[in-house]
Amino acid sequence: AQAILAQDPSIPDSPQHPFSLSLQAMGVLAKVLSLAGMLAAAEAACTTEITTVESFYAMKRDFDLIFDVRALNEYTGDGDAACNAAQANMCNMGHDPDMWMLTNADRADMAVVYKVGDNYTVDTKIIEALRNCYGSQASAMKVAVSCRSGVRSKLFQDTLVEAGFACGNLYNVKPGADGLWKANPAMLVKGNTQKGSWSCAAAPVTPKTTPQEAAAAARDVPLRTASSGLFFTVFAAQFLLA
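Please read all numbers here as calculations on a predicted model, not as lab measurements.

**Concerning the state of the cysteines**
And then number 1: Scanning all chains against the criterion turns up two disulfides.
And then number 2: With a sulfur-sulfur separation of 2.1 Å, Cys-46 is cross-linked through a disulfide to Cys-167. Disulfide Cys-46-Cys-167: the torsion about the S-S bond is 90°, which places it as right-handed. With Cys-46 in the loop between helix H2 (18-44) and strand E1 (49-50) and Cys-167 in the loop between helix H7 (151-162) and strand E7 (170-173), the pair connects residues that are 121 residues apart, well separated along the chain.
And then number 3: Put simply, Cys-83 and Cys-91 are joined by a disulfide, and their sulfur atoms are 2.0 Å apart. Handedness here is read from the sign of the S-S torsion; for Cys-83 and Cys-91, about 85°, the answer is right-handed.

And the structure:
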């Protein structure tokens, strides 16, 4: 606008000129709209979180659900070399025995939060499955979400809020598996036989095992199977919860 004013001498560069006043008003309006957008974005993002390992252990018995949204080899702590090369010990940690992993059968790594290009995304089918499962109960449920370091779980948390879960009851476990493991690795478990609860009444009860457990069973190696293992079929069995 200043360039246009400079090129046309018939338009005086004066605050008293109507055209100049309109430009000033437009500038103020743009700032107001920008601020409003920032406030709306801040309001939309859920900031309820658990910031310390100690707080997580003190609170975890109060949760209705604790979700782990990492890839399967991270959750089971299978020691995958490529995984650990990408991030030190990422697949050595395992998981808290009260965390239930949400898995995506459409992906080899079974992740429900994964990268597309440089950014993480949440597969909306699992969110829709949770919404359909819990319905009006979602807003009253107390839920924690964890990943390795709080990044993927934060994105999943925000998406759950959009699906009807209440931000005030929905906690991002910011230390994640990395923080829990560094604090005390003995508190975490590996494999897929110890996992948290799942309370979707629509889910038929069918045990789910990892490939390693299935191979061991084939060799007649006795394994303890979690009695709470469930097979959650939603949208033509696209998602398994294991």
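Still to come is the rest of the account.
**What to know about the pairing of strand E5 (residues 119-122)**
And then number 1: Bridge count for strand E4 (residues 113-116) against E5 is four bridges, and the pairing is antiparallel. Residue pairing for E5: Tyr-114 is matched across the bridge by Thr-121.
And then number 2: Remark: two residues form the turn of the hairpin made by E4 and E5, two consecutive strands paired antiparallel; Gly-117 in that turn has positive phi of roughly 70°.

**Describing the pattern of salt bridges**
And then number 1: The full count for this structure, using the stated rule, is ten salt bridges.
And then number 2: Linking Glu-128 and Arg-131 is a salt bridge whose minimum nitrogen-to-oxygen distance equals 3.1 Å. Taken as a pair, Glu-128 and Arg-131 lie in helix H6 (residues 124-134) at a separation of three residues, close to a single helical turn.
And then number 3: For Glu-128, a relative accessible area of 27% gives the class partly exposed.
And then number 4: Judged by its relative accessible area of 34%, Arg-131 falls in the partly exposed class.
And then number 5: Between Lys-182 and Asp-178 there is a salt bridge whose closest N-O contact spans 3.1 Å. With Lys-182 and Asp-178 both in helix H8 (residues 176-183), this residue pair falls four residues apart, about one helical turn.
And then number 6: Among the residues examined, Lys-182 registers a relative accessible area of 59% and is labelled exposed.
And then number 7: When salt bridges with common partners are traced through the structure, they connect Lys-60, Arg-61, Asp-96 and Asp-98 into a single cluster.

**Things to note about the packing of H6 against H7**
And then number 1: Interaxial distance between H6 and H7 falls to 10 Å at its minimum, and their mutual angle equals 45°. Between H6 and H7, the crossing angle belongs to the class labelled oblique. Where H6 crosses over H7, the two elements pack in a sense that is right-handed. Contact residues: Ile-126, Ile-127, Leu-130 and Arg-131 in H6; Phe-156, Thr-159, Leu-160 and Glu-162 in H7.
And then number 2: Each residue belonging to the contact of H6 with H7 can be placed in one class, and the counts come to five nonpolar, one polar and two charged.

**As for the packing of aromatic side chains**
And then number 1: The tally for this structure, following the rule as stated, stands at four aromatic pairs.
And then number 2: Each ring, one from Phe-67 and one from Phe-156, has its centre 6.5 Å from the other, and the planes form 85°; the classification is edge-to-face. Of this pair, Phe-67 sits in strand E2 (residues 65-68) while Phe-156 sits in helix H7, and the two are 89 residues apart along the sequence. Each member of the pair, Phe-67 as well as Phe-156, carries the same accessibility label: buried.
And then number 3: A cation sits over an aromatic face here: Lys-115 above Tyr-120, 5.4 Å from the ring centre.
And then number 4: Seen from the ring of Trp-100, Lys-195 lies directly overhead, with NZ or CZ sitting 5.8 Å from the centre.

**Quick look at H6**
And then number 1: Of the residues making up H6, those classed as buried are Ile-126, Ile-127, Ala-129, Leu-130, Cys-133 and Tyr-134. Buried positions in H6, seen along its axis, are confined to an arc of 160° and lie on one side of it. Along H6, exposed side chains directed more than 90 degrees from the buried face belong to Thr-124 and Asn-132.
And then number 2: The opening residue of H6 is Asp-123, an N-cap whose side-chain oxygen sits 3.0 Å from the backbone nitrogen of Lys-125.
And then number 3: Residue Gly-135 follows H6 closely and has a positive phi angle near 55°.

Quick notes on the rules
Residues numbered from 1 in each chain as written. Predicted model: local features only at pLDDT ≥ 70, side-chain atom pairs only at ≥ 80, totals over all residues. Heavy atoms only, no water. Disulfide = S-S within 2.5 Å. Helix = DSSP H or I, 4+ residues; strand = E, 2+ residues; numbered from the N terminus. Pairing = 2+ DSSP bridges. Salt bridge = Lys/Arg side-chain N within 4 Å of Asp/Glu carboxyl O. Buried < 20%, exposed > 50% of the residue type's maximum accessible area, 1.4 Å probe, protein only. Axes fitted to C-alpha atoms, helices over the stretch in contact; angles between N-to-C directions. Parallel < 35°, antiparallel > 145°, perpendicular 65-115°, else oblique. Left-handed = near helix turned anticlockwise from the far one by under 90°. Contact = heavy atoms within 4.5 Å. Nonpolar A, V, L, I, M, F, W, Y, C, P; charged D, E, K, R; others polar. Phe/Tyr/Trp six-rings, centres within 6.5 Å; stacked < 30°, edge-to-face > 60°. Lys NZ or Arg CZ within 6 Å of the ring centre and 35° of its normal. Arc of directions from axis to C-beta. Polar contact = N/O pair within 3.5 Å; in protein donor to acceptor, adjacent residues only side chain to side chain.

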